[in-house]
Amino acid sequence: MFRHLSTLISRQRYALGASLFGTLLGLCGMAQAEDAKTTDRWISDNLNTYVRAGPTDGYRIVGTLKSGRKVELINTQGEYSQVRGEGGGTVWIPSADLQAVPGQAERLPQLVQQVADLTGQLKTIDDSWKARIQGMQETLDTRKKLIDELEARSKDLNAQLTDAQSELRSTQAKMGDENNQVLMRYMAYGGSIAGAGLLLGLIIPAMTRGRKRKDGWV
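Calculation notes
- Residues numbered from 1 in each chain as written.
- Predicted model: local features only at pLDDT ≥ 70, side-chain atom pairs only at ≥ 80, totals over all residues.
- Heavy atoms only, no water.
- Helix = DSSP H or I, 4+ residues; strand = E, 2+ residues; numbered from the N terminus.
- Contact = heavy atoms within 4.5 Å.
- Areas by Shrake-Rupley, 256 points an atom, 1.4 Å probe, with all protein chains shown as cover.
- Buried < 20%, exposed > 50% of the residue type's maximum accessible area, 1.4 Å probe, protein only.
- pLDDT = per-residue confidence, 0-100.
- Core = buried A, V, L, I, M, F, W, Y, C linked by side-chain atoms within 4.5 Å.
- Phe/Tyr/Trp six-rings, centres within 6.5 Å; stacked < 30°, edge-to-face > 60°.
- Lys NZ or Arg CZ within 6 Å of the ring centre and 35° of its normal.
- Patch = residues over 30% accessible without salt bridge, like charges linked within 9 Å, V, L, I, M, F, W, Y side chains within 5 Å.
- Salt bridge = Lys/Arg side-chain N within 4 Å of Asp/Glu carboxyl O.

A. Representation of the overall build of the protein chain in the model. A count of helical and extended segments in the protein chain gives two helices and seven strands. Its helices and strands in sequence order give the protein chain the pattern α-β-β-β-β-β-β-β-α, from N to C terminus. Long-range pairs, those at least 24 residues apart, make up 53% of the contacts in the protein chain between residues at least 6 apart in sequence. Summed over its atoms, the accessible surface of the protein chain is roughly 16,600 Å², and 58% of this surface lies on carbon and sulfur atoms.

B. Spatial organisation of the environment of W92. By the element assignment, W92 lies in strand β6 (residues 90-94). When its relative accessible area of 8% is taken as the criterion, W92 is described as buried. In the structure, W92 is positioned 40 residues away from R52 in sequence and 5.1 Å away in space, judged by C-alpha atoms. W92 has contacts with V51, R52, A53, G54, P55, N75, Q77, Y80, S81 and Q82, leaving out every residue within four places of it along the chain.

C. Quick peek at the confidence of the model for the protein chain. When pLDDT is averaged along the protein chain, the result is 75, and 70% of the positions lie at 70 or above. Within the protein chain, helix α1 (residues 2-35) has the poorest average pLDDT of any element, 50, and strand β5 (residues 80-84) the best, 93. Below pLDDT 50 for its whole length, residues 1-5 participates in four contacts with residues either more than four positions away or in separate chains.

D. A look at the nonpolar core. Counting eight residues, the largest nonpolar core consists of V51, L65, V71, L73, V83, V91, I93 and L98. Every element with two or more residues in this core is listed here: β4 (70-77) and β6. Contact partners of V91, with chain neighbours within four places excluded, come to V51, R52, V62, L65, S81, Q82 and V83.

E. Region of interest: the packing of aromatic side chains. By the definition in use, this model includes zero aromatic pairs. The ring of W129 carries the charged tip of R132 above its face, separated from the ring centre by 4.8 Å.

F. Examining a nonpolar patch on the surface more closely. Nonpolar side chains collect at one region of the surface, where L198, L199, L202 and I203 lie side by side and expose about 400 Å² of accessible area between them. Structurally, L202 can be placed in helix α2 (residues 104-217). With relative accessibility at 57%, the residue L202 sits in the exposed group.

G. Spotlight on the side chain of Q82. Within the secondary structure, Q82 sits in strand β5. When residues no more than four places from it in sequence are discounted, the contact partners of Q82 are E72, L73, I74, N75, T90, V91 and W92.

H. Structural view of the pattern of salt bridges. One pass over the full model with this rule turns up five salt bridges. Between K123 and D127 there is a salt bridge; the shortest N-O distance is 3.0 Å. Of this pair, K123 and D127 both sit in helix α2, separated by four residues, roughly a single helical turn. D127 sits in the partly exposed class, given a relative accessible area of 36%. Among the salt bridges present, the one from D126 reaches K130, with a minimum N-O distance of 3.2 Å. Residue D126 and its partner K130 are located together in helix α2, separated by four residues, close to a single helical turn. Accessibility expressed as a relative area gives 12% for D126, which makes it buried.

I. Structural context of the environment of G78. Note on placement: G78 falls in the loop between β4 and β5. As for G78 and P55, which are separated by 23 residues in sequence, their C-alpha atoms are 7.5 Å apart.

Below you can see the structure in the form of structure tokens.
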């Protein structure tokens, strides 16, 4: 039973950890997008993109922006967006090459840190569950030991009670024999007294009559 309880708790713990891990990873991008300014954008991770002097393919290419680079969205026209780079200059870039979340190069350290934090949380949960299981095991062991002691004490008391009952029956039997002997003695003693009294009752009148006759003869 203890092994089954430990296995069930472990499965629940790891299922909870896996769910928490997946949820945090799923919300990572959303949280970063919410924290960023509404005008913050990042160059797509797919490629280095060309930028133009105006909002159509007819404008000349004035340079490139590296993937993952952070820019500020200024305006959008058609399929192009006007952005400002870190140097302060503005250019136009296809809107499809912009994304609202940081690039992989910027997100990777954050994800690594989040994974490390999550790993620490999971370890804390694991240690907490282990401590709770150990406490439950110790409590069960203590209770089992107490139950064993009480059962042993109960058996000992039952044995003592059986011995006491046997001794009581033996004592009662002895007292019955002694009572019978005393009764027999009292009966014999009483019979002796009665016999002596009867004998005296017969002898004394006979002696009295013989004495009276002797006195009359004289």
